[in-house]
Amino acid sequence: MGTVYAIANQKGGVGKTTTAVNVAACIAEAGFATLLIDIDPQANATLGLGSQKDVEPNIYDVLAGDVPIEDAERDTSIELLKLVPAHPDLAGANVELPREAGSETRLREALHGVRERFDYVLLDCPPSLGPLTVNALVAADRVIVPVQTEYFALEGLAGLLDTLALIQRELNPRLTIAGMLLTMHDGRTRLARDVEREVREHFPDLVFDTVIPRNVRVGEAPSYGLPVTHHDPHCSGSDAYFELAKEVVRAGAGP
Ligand code: ADP
Ligand code: MG
C-alpha cells in the first residue's frame, strides 16, 4: 500500500515545489513507483519536470470527475516517476469546489486505487490553505512542511498547525506530520543558524534532520525541466535531497 504525502505551507516561495519534485525524483531513483500530483494552478512542478502547463487531461479534469486519474498520469524523464500535471484553469477550482457540499474529499476519492499502483504519492500544494490544499490534506497520510530558513520563518506555522489539527479532527484522522523541513539554509549566515535553532527548539521531534542548503543548482534545475539530482547529481542540493528521501523512506510505508 502506497503512502500519500502532501507538501504544504500557505507561504509561497518556501521550497514546496522544489521539495516535491526532488524528493519524488530521489524516491523513484531508489526504485519506488512514485506519482507526483501538481495541484497548484501555477503548475511549477509540472514545468519543473519538463511538462507543459496546458496539457489535457490534467488534475483539474480529474477533480471535476471528467477522467479517472490513470488517464492524466504522464511519464517523466525518470523511469519510475509519473506526473499528473496542473493547469492554470485549476485556479477556478478554488471557487467551484466550495460550492459543492462534501467537495473536501474529491481528491481522496480520485486517488482511489492509486495506493495499489504506487509506493509513494506526493501532492505539491498551492501557497494557501484554500480548498485545493484542504483536498490534499484530506487525501494525505502525512504532510511535509517546508520552512524557509529566514526571518519570519515561524510566522504562520502556528496557523498551519491549527489547520492540520482541525483536518485531523474533522476530516482525516490518519493525517500525521512527517516533519518540517528547513530549506534554503545558508550556513554562512548567523540568521540561518539562529532560525534553525529556534525552529528546532519550538518543534522538537518535528523537524527533519536533513537541512536543504541554498544552492544555485537547485534554483536553476527547473529551467532545464529536470530535478536537481539529474541536473547536477553531485551538488550540495542533490546530496541533501538524497538524504531527505532516505529519511522519508526510512519512516516506512503506510500511515
Ligand atoms: P514554493 O513551491 O513553496 O512556492 P519553490 O520550491 O517554488 O517554493 O521555491 C521558490 C524559489 O526558490 C524557486 O525559484 C526555487 O527555484 C528557489 N529555491 C528553492 N529551494 C532552493 C534552494 N535550496 N536553493 C536555491 N534556490 C531554491
Ligand atoms: Mg510551489
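Further up the page is the structure itself.
Residues numbered from 1 in each chain as written. Chains lettered and ligands numbered in written order. Predicted model: local features only at pLDDT ≥ 70, side-chain atom pairs only at ≥ 80, totals over all residues. Heavy atoms only, no water.

**Student:** Help me understand a nonpolar patch on the surface in this model?
**Tutor:** A cluster of nonpolar side chains, contributed by Tyr-151, Phe-152 and Leu-191, occupies part of the molecular surface with about 360 Å² of accessible area. In this structure, Phe-152 sits in the loop between strand 6 (142–148) and helix 9 (157–170). According to the relative accessible area criterion, Phe-152 is exposed, its value standing at 51%. (Patch = residues over 30% accessible without salt bridge, like charges linked within 9 Å, V, L, I, M, F, W, Y side chains within 5 Å. Areas by Shrake-Rupley, 256 points an atom, 1.4 Å probe, with all protein chains shown as cover. Salt bridge = Lys/Arg side-chain N within 4 Å of Asp/Glu carboxyl O. Helix = DSSP H or I, 4+ residues; strand = E, 2+ residues; numbered from the N terminus. Buried < 20%, exposed > 50% of the residue type's maximum accessible area, 1.4 Å probe, protein only.)

**Student:** Would you mind showing me how to read the site of ligand 1 here?
**Tutor:** In the vicinity of ligand 1 there are 14 residues, among which Gly-13, Lys-16, Thr-17, Thr-18 and Pro-213 approach most closely. Take Lys-16: an N or O atom from its side chain is 2.9 Å from an oxygen atom of ligand 1. Thr-17 places a polar main-chain atom, nitrogen or oxygen, 2.8 Å from an oxygen atom of ligand 1. For ligand 1, the cavity whose grid points lie within 2 Å of the majority of its atoms is the largest pocket. Only helix 1 (16–29) and helix 11 (216–220) provide two or more residues apiece to the shell around ligand 1. (Near = heavy atom within 4 Å. Polar contact = N/O pair within 3.5 Å; in protein donor to acceptor, adjacent residues only side chain to side chain. 1 Å grid on protein atoms, 1.4 Å probe; cavity = no way out; pocket = protein on both sides within 12 Å on 5 of 7 lines; lining within 4 Å. Sits in = over half its atoms within 2 Å of the grid points.)

**Student:** Is there a simple way to think about the sheet that holds strand 6 in this case?
**Tutor:** By definition, the strands of a sheet pair up through backbone hydrogen bonds, in either a parallel or an antiparallel sense. Strand order in the open sheet formed by seven strands is 3-4-2-5-1-6-7, and the pairing between neighbours is mixed. Each end of this open sheet is capped by a strand with a single partner; those strands are strand 3 (74–75) and strand 7 (176–183). With seven bridges joining them, strand 6 and strand 7 adopt parallel strand pairing. When the bridges of strand 7 are listed, Val-147 appears paired with Leu-182. Across the sheet, helix 1 touches strand 1 (3–7), strand 2 (34–38), strand 4 (81–84), strand 5 (120–124), strand 6 and strand 7, and the angle it forms with strand 5 is around 165 degrees. (Pairing = 2+ DSSP bridges. Contact = heavy atoms within 4.5 Å. Axes fitted to C-alpha atoms, helices over the stretch in contact; angles between N-to-C directions.)

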